[in-house]
Structures are given as C-alpha cells and as structure tokens.
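The residues making up each chain are set out below.
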Amino acid sequence: MNKTVMRKEVDYTKSVTQQHIKSLGQYFTNPAIARFMCDWACRNAKTVLDPAVGNSIFLQYAADISPNCELTGYEIDKKILDFFGNPTSANIYNSDYLLNGWDLQFDAIVCNPPYNRFQAVSNRTEILENICSHTGIEYSSYTNLYVLFLIKSIFQMSNNGRLAYIIPSEFLNSKYGVAIKKLMIEKRLLKAIINFSNDKDLFFNATTTCCILLLDKEEKDEVLFYNLDSVSQLEKSTAILLENQEHLSVKYGEINPNEKWRSYLYREETVSYSNLLNLSNFCGVSRGIATGANDFYCFNKSKMRENDIEDSYFSKCICRSADVKSIIFTEKDFSSLAEQDKTVYLLDVQGELTESIKKYIKHGEEEGVNKKYLPAGRTPWYSMEQKKPAPIWVSSACRDKIKFVRNIMGIKALTTFHSIYVREEYEKYTDLIFCYFLTPIAQTILRENRKKLGNGLEKFQPNDLNSALMLDVTLITPEDCDRIMDIYHSLTTTITDAELDMLNGIFLKYLSDC
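Keep in mind that this is a model prediction, so the values were computed, not measured. (Residues numbered from 1 in each chain as written. Predicted model: local features only at pLDDT ≥ 70, side-chain atom pairs only at ≥ 80, totals over all residues. Heavy atoms only, no water.)

A. Representation of the overall build of the protein chain. Scanning the protein chain from terminus to terminus reveals 20 helices and 23 strands. For a compact globule of 514 residues, the expected C-alpha radius of gyration is about 24 Å, and the protein chain comes in at 26 Å, within 12% of that figure. Projected onto its principal axes, the C-alpha positions of the protein chain cover 75 × 70 × 45 Å. Per-residue burial over the protein chain gives 55% buried out of 514 residues. (Helix = DSSP H or I, 4+ residues; strand = E, 2+ residues; numbered from the N terminus. Rg over C-alpha atoms; globule rule 2.2 N^0.38 Å. Buried < 20%, exposed > 50% of the residue type's maximum accessible area, 1.4 Å probe, protein only.)

B. How the structure looks around the pattern of salt bridges. For the coordinates displayed, the defined rule picks out 14 salt bridges. Residue Asp480 is joined to Lys509 by a salt bridge in which the shortest nitrogen-to-oxygen separation is 2.9 Å. Linking Asp480 in helix α19 (residues 478-490) with Lys509 in helix α20 (residues 497-511), this pair joins segments that are 29 residues apart in sequence. According to the relative accessible area criterion, Lys509 is partly exposed, its value standing at 40%. Residues joined by salt bridges that share partners form a network here, namely Asp480, Arg483 and Lys509. (Salt bridge = Lys/Arg side-chain N within 4 Å of Asp/Glu carboxyl O.)

C. Spotlight on the nonpolar core. With 86 residues, the main nonpolar core has Phe171 and Ile212 as its most contacted residues. Of the residues forming this core, the biggest block, 8 residues, is contributed by helix α7 (residues 145-154). The next biggest cluster of nonpolar side chains, apart from the first, holds 44 residues, and it includes Leu279, Ile420, Ile433 and Phe434. (Core = buried A, V, L, I, M, F, W, Y, C linked by side-chain atoms within 4.5 Å.)

D. Examining the sheet that holds strand β11 (residues 283-287) more closely. Taken together, the 5 strands give an open sheet; going across it, the order is β11-β20-β16-β18-β14, and neighbouring strands pair in mixed fashion. Two strands in the sheet have a free side with no partner beyond their single neighbour: β11 and β14 (328-329). Pairing of β14 with strand β18 (residues 404-407) involves 2 bridges; the strand directions are parallel. Looking at the pairing, Ile328 lines up with Arg406 of β18. Running over the sheet, helix α16 (residues 430-438) touches β11, β14, β16 (392-395), β18 and β20 (417-422) and is turned about 160 degrees from β18. (Pairing = 2+ DSSP bridges. Contact = heavy atoms within 4.5 Å. Axes fitted to C-alpha atoms, helices over the stretch in contact; angles between N-to-C directions.)

E. Quick peek at the sheet that holds strand β15 (residues 345-347). Across the sheet, 4 strands lie side by side as β12-β15-β13-β19; this open sheet has mixed pairing. Looking along the sheet, the strands with just one partner apiece sit at the ends: β12 (298-299) and β19 (412-413). The sheet strands contacting helix α13 (residues 331-339) are β13 (314-318) and β15, and the helix crosses β13 at an angle near 100 degrees.

F. Broad picture of the packing of aromatic side chains. Across all of its chains, the model carries 28 aromatic pairs by this definition. Taking 5.7 Å as the distance between ring centres and 50 degrees as the angle between the ring planes, the aromatic pair formed by Phe329 and Trp393 counts as tilted. Of this pair, Phe329 sits in strand β14 while Trp393 sits in strand β16; the two residues are 64 residues apart in sequence, bridging distant segments of the chain. The residues Phe329 and Trp393 share a single accessibility class, namely buried. Each residue in the set Phe296, Tyr297, Phe299, Phe314, Tyr360, Trp381 and Tyr382 is aromatic and connected to the rest through ring pairs, giving one cluster. Here the basic side chain of Lys152 rests over the ring of Tyr74, its NZ or CZ set 5.8 Å away from the ring centre. The positively charged end of Arg162 is found above the aromatic ring belonging to Trp40, 4.3 Å away from the centroid. (Phe/Tyr/Trp six-rings, centres within 6.5 Å; stacked < 30°, edge-to-face > 60°. Lys NZ or Arg CZ within 6 Å of the ring centre and 35° of its normal.)

G. View of helix α1 (residues 7-15). The complete set of buried residues in α1 reads Glu9, Val10, Tyr12 and Thr13. Viewed along the axis of α1, the buried residues span an arc of 155 degrees, placing them on a single side of the element. When the buried face of α1 is taken as reference, the exposed residues oriented beyond 90 degrees from it are Arg7 and Lys14. Buried residues along α1 sit against α2 (18-24) and α5 (78-84). (Arc of directions from axis to C-beta.)

Put into structure tokens, the structure is as follows:
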C-alpha cells in the first residue's frame, strides 16, 4: 500500500508508541477495501455502525454512499479520536463497544476490529459474561477479540441488516473459530468470504492474512468463497465482483463449522492416506515456556556478569528459534551459542536469595515486571514456570519447511518452539518419530492443520498439532526400523536430499494403499 495515500495515518503511528498501537490492535484499512465493504453494506441503509472507529474511514465512505443515514461509532482509545477527530459528525462514543449498546440495531455494520490477544485484555471476564448474558452462548477466554466484536455485531443486525467485517482469516481454521462459524451457519447469515492470497497491500502498518466477511439476513442456500490475488480486484463494483469473479459455492448443508475451511478458499486437493492416527496417540504437544517478560528473564553470559548473578539461578534455555541451526541439538551446539554470547540462559530462581539476585528482583519491581500479566500470576512473581525439557522441538511458525529439532541435550525452550513429548509407551520410537516429522510426506499431512498468517508465514498452535494426523509408526517392520535408524545415526547438523528421499520412501509405502 502506498503510504502517501494514508499520510495522516502514518503521522499517527509516529505520534504514539508501537506498544500503544500493538496493545490496542490498531491497523488501518486500505481505502479500496473500506470503500468496497461500505458499498456492499451501506447502500440504502438508514442506520450505520462502526464498532471500532479509528480514523473514521468507514463512516466517511458510508456518508458518501448513503448521505442521509445516521452514523454511530465506538472507539475506546481517546488518543486516536483526538488525532483524527469526527469528520462525519457521527455519534461517536468513547467507550468499550463490547460492553455498551446491546439494545441498538443497525441496517449496516462495517468494521475493522482490533487485532490483539484477548488474554491481554484486563476486563476479559466481564466482557465474556456480558456477551453470554446477551447471547446465551459461552465463549472461550482464548477467543480472539475480533471474533467477540463480530459476535456482538451479529446480534445488532436489523431485520434487513448487512454486515461487512475485515478480520484475520486464521479463525477459519482455528479451534476458537468454531463457535462463530457455527453461529453464522445456524443463522444462515454468511453470504460470502473474500480472502486475499497476497497480504502485501492490506495494511500499511501490519502484515497479516485477512478476509472480508459479508453477512446479511436475506434467504440463501449457499456460501460463496473467493480468493483474490490483489486488493485492486475490489475496484470492480460489488455486484460485478460477486457475480463474475471466480469463486466456490458451497451449500449450507455441506458446510461443517467444526472443520477447517481453508480448503474452500485455497481449493486444496485432499489426498487419502492409509494408516493414519491422531498425533496425540503417540505424542503430546504443548507450548514452550512463556516468561511474560523476556527482557527480564532471558540472559546471555555478558548480562549474567553485569548483574553478578550466580550460575545456579539459571537454566539452559533456547530463547530464539533462529539460534538453532542444527536438526540435532547437542552439548557442542549449546556451548557454541554460549561462547557467541547468545541469549541461552533463563532466570529460574529457586532456593535462598543472594544479595545480587535480590538486587535484580528489586530492579524488576522498579520496572513494573511484577505487574505484567504472567509474572503477576506467579508466586513469587519472579519465579519461572517449570516444564520438562522436550525430546523434540517444533517451531511455532514457518515459511517453508516445518522446523523440527531433536533435543539430545535435554534443555528447555521458550515459546519460539513447541514441545513434543513422546508418550511413555512409545518412547522407543522417539528417534523414528523425529525422522518421520522431517519428511515431505509427514509435513504435507501436518500442514492440513496450519494457520496462514501474513507474508507467507504459517503458524501452528499446540492443539493444531495434537489434532493433526500422523502415520501409525507401530506398523513399521523391524527391517524398516533398522533402515530408518541407520539414517538417523548418520545425521549431524542437516539432512541431505538423498537421506530425506530414502526416509520419505520408507514412510510413504505405509501411507499408501497396498
């Protein structure tokens, strides 16, 4: 997106801190997207709502399209309201949309809601209780904030109402997205999902994969799924785009809210493999250690010396996925990182406190670390959650291959890696399972549970992997187990294409119908 088009928005991002923008999830909508959404939702509307006003772009387009409509907006951040003002003289409330105005209904609702983690919202319990009391539905505390905005807006649609939202498309394939998908399908509100395969021009101050949701209360038998290459395709009129653009039509009776919807958007072919079981039969996947304040808890050798803190207060820990270059992580690899002064030590205070550690803890309190979300929930606040080192790590995000690492050294890792624990009865297969995860066929099957983020980034949550499928490794013959282990023992820092091809061939014959 050309930043000169949104010069005032650029100025705003310079006038506040990045922490302010991130904490409130403020990302500015491309004008072409805003106009398209308003053109579809606001034409002939008498009342229009924007639940997250920001720079008022939706209200301005709504006023252009329906000059006589009544405009209403909510914006929790006074700073952004003061900066952009109220160019349409709308009824804008500087208050929390999720807690106000439930009794109001609107002919058109257009919104780019905040994209921040709901767990970081201080009054999240109050919000969830409020939503439950008005909808009769209980939602998980892991539900993202933008989904809660969408839920409330659905209940505020008038009898002839239309709704257009632009939100991250990851909810289509996430566990927390099941409830909202179910709501849209059961009420037969969902008309179309317009996904953008290229995230480049969606927001000038963020990179994320998004989609436009179009909802209305008209009778309909199917949902339309579009996958656009460029925002420029929205320059067509809404009617022309929806009627003539290539899309997939899926009957309501054929859509399952419990399934991932990525196949509708990307037209992925589903290949049937044999002998697959849930990964959770063999392994348990959980997140790495979450400190809640990496700057405070993570150390390199230099920082340890500067603060004169004894080695006994630290655990060896990988803090950055990029630091791990080898697929098999050993004592030698760790020593090399430590010598390079990489951040590979985690503050893990146990036992009596020396004067130096007391001084550092006091420094943390002066910096407000003890009041941050995760530390504030610990007793004492400076302690660290205790997690057993995992034999296999998997990176939580990737762009090409999924990164698996065999943790021979048995050290800890932060959330940059998820931890894969092989169940006790299958521990003898640990090295074999690791080899399986390295193969293209295993990664193809695992990727069916991924979430697509921006800039080609793909992300896995622990439960995405727990619910993914993998080969039943108990079916592998002793002869093939020996062949796999011979390859495993030859591995050092990387795996060659020849070794990968051999492993892939072995596993593939168990996945193919014979």
